[in-house]
Amino acid sequence: FENIINIRLTPTGKERLTGCFSDQGAWMGFTIPETDKPTGGFCGPFSINSRQWFATSLLALKDSKGQLKTITSNYTPGKIAMSLQTEKGIVNEEIIFADSRTALLKITGNEESTLCFTAFKPHENVTMSIEGNHVIVKGPAEECIIITFPQGYSLSTNGKNYTSTLPQGQHDATIVLSMLLPGDRLNVQQLFAETLLGKYKETETANSDRWNGYINKVLRKDMPTKYNRVAVKSIVTLISNWRAQRGGLLHDGIVPSHAIGYFVGCWAWDCWRFSAAMAHFFPKLAKDNIRVMFDYQQADGMVIDCIYTNPQENNARDSKPPLACWAVDEIWKATADTAFVKEMFPKLLAYYKWWYKYRDHDRNGICEFGSTDGTLEAAAWES
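Residues numbered from 1 in each chain as written. Predicted model: local features only at pLDDT ≥ 70, side-chain atom pairs only at ≥ 80, totals over all residues. Heavy atoms only, no water.

Focus: the packing of aromatic side chains
How we decide: Two rings from Phe, Tyr or Trp (for Trp, the six-membered ring) form a pair when their centres are within 6.5 Å of each other. A pair whose planes differ by under 30 degrees is stacked, one over 60 is edge-to-face, and the rest are tilted. A helix here means a DSSP run of H or I that spans at least four residues, while a strand means a run of E at least two residues long, and both kinds are numbered starting from the N terminus. Per-residue accessibility, obtained with a 1.4 Å probe over protein chains only, is compared with the maximum for each type, and a residue is labelled buried under 20%, exposed over 50%, and partly exposed between these values. Both a distance and an angle decide whether a charge sits over a ring: NZ of Lys or CZ of Arg must be within 6 Å of the ring centre and within 35 degrees of the ring normal.
Scanning all chains against the criterion turns up 22 aromatic pairs. Centroid distance Tyr 214 to Phe 281: 5.8 Å. Interplanar angle 75 degrees. Geometry classified as edge-to-face. In this pair, Tyr 214 is assigned in helix α2 (residues 200-216) and Phe 281 in the loop between α4 (268-278) and α5 (283-294), connecting sequence segments 67 residues apart. Here Phe 281 falls in the buried class, since its relative accessible area comes to 4%. Ring pairs connect the aromatic residues Trp 272, Phe 294, Tyr 351, Trp 354, Trp 355, Tyr 358 and Phe 369, which therefore count as one cluster. Note that Arg 243 overlies the ring of Trp 27, its terminal NZ or CZ placed 5.8 Å from the centroid.

Structure (structure tokens):
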């Protein structure tokens, strides 16, 4: 399923993001540069929470003639790849995610050019420092990226950019790129990153097994390839919008769209629909995606409209169409998990009773939409 979603974008900071490569619940993403706007590598990382690019390309390759140009590129489920032209040959790159904080960049090449990594157009507010074989990039919104290079790479920085020179002729290596989430310890992530430097193949195998696990549960032999492609694109879209537990999000959840700034939170009926779909290929996340909303269930049973990493941004003026029981039922049908049904039943019952107590305004047994503040605006949001 090649080029499953078009994520070709060379950012300038002024255009609208249309989507990026993200996986494992990460709060960062990458795009593939546009053909006529080469960057020397994948674009990003983009901070999905702060809506900032750390650089047009934080891991840009260049030789004596400047930034390398892209020859080919591809996006398959769970991986992005590209080939770059050097003075004397070709370098291939690919990125996969090891977990919610960590991406691995694999480079391979067989020519003798002197190559180095640097940041192409770093954000004006980032600062950089070096600790051993790590480049520490502090972002514009109190976020931090760690770039971990193999031993033997020559590193230097002027505080606003860095240079990492590859050992002559050694163009087969793994570079680890980590994003620290609030509360993470820098030294712990550095140690973890170093353990991954020699584990690309192992990580890639686990990544492939995971994605084949998702896809093989959904593909149908009785469907034309073009229909199965739509199904896979739907899986990729859901997983791309998976965000790991962070701040006010007390469980992992699915956001409606990482490409739209105000959608980087969790909404009640969006979560119910996403969970109904994921029940069939990723039930663990489907369950957490329901829990993430019920973490904020009110004392009267109401499930509020939307929640964010910063709870001050949560909206409790309205709820959303009550599809939660349907989503839990889909999970039950897919997993027969009675423990999850037992966990959710009293919460669902309280939500059900809330609708009839606070939204059946004329007491005729049919609920209407409304709002907690009495405004028509919030009532419209609820519907």
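Moving on from the coordinates now.
Some points on helix α3 (residues 225-240)
So the rule is basically this: Expected span, for any helix, means 1.5 Å times one less than how many residues it has. Only heavy atoms matter for contacts: two residues are in contact if any of them lie within 4.5 Å across the pair.
With 16 residues, α3 should reach 22 Å at 1.5 Å per residue; the first-to-last C-alpha distance of 22 Å fits that figure. Within α3, the full set of buried residues consists of Asn 228, Val 232, Ile 235, Val 236, Leu 238, Ile 239 and Ser 240. Residues of α3 that are buried in the fold lie against β6 (69-76), α2, β17 (242-243), β18 (253-254) and α4.

Brief notes about the sheet that holds strand β13 (residues 144-148)
To summarise the sheet geometry, strands pair through backbone hydrogen bonds and adopt either a parallel or an antiparallel arrangement. Applicable threshold: Following DSSP output, two strands are said to pair if at least two bridges run between them. Here an axis means a line fitted to C-alpha atoms, over the contact stretch when the element is a helix, while the angle between two N-to-C directions is reported on a 0 to 180 degree scale.
Spatial strand order, β6-β7-β8-β9-β16-β13-β12-β11: eight strands in an open sheet with antiparallel pairing. Since the sheet does not close on itself, it has two edges, and those belong to β6 and β11 (127-131), each with one partner. For this sheet, the mean inter-axis angle between neighbouring strands, taken without regard to orientation, is 20 degrees. One ladder, built from five bridges, connects β13 with strand β16 (residues 173-180); its direction is antiparallel.

All quantities given are derived from atomic positions and should not be read as evidence of function.
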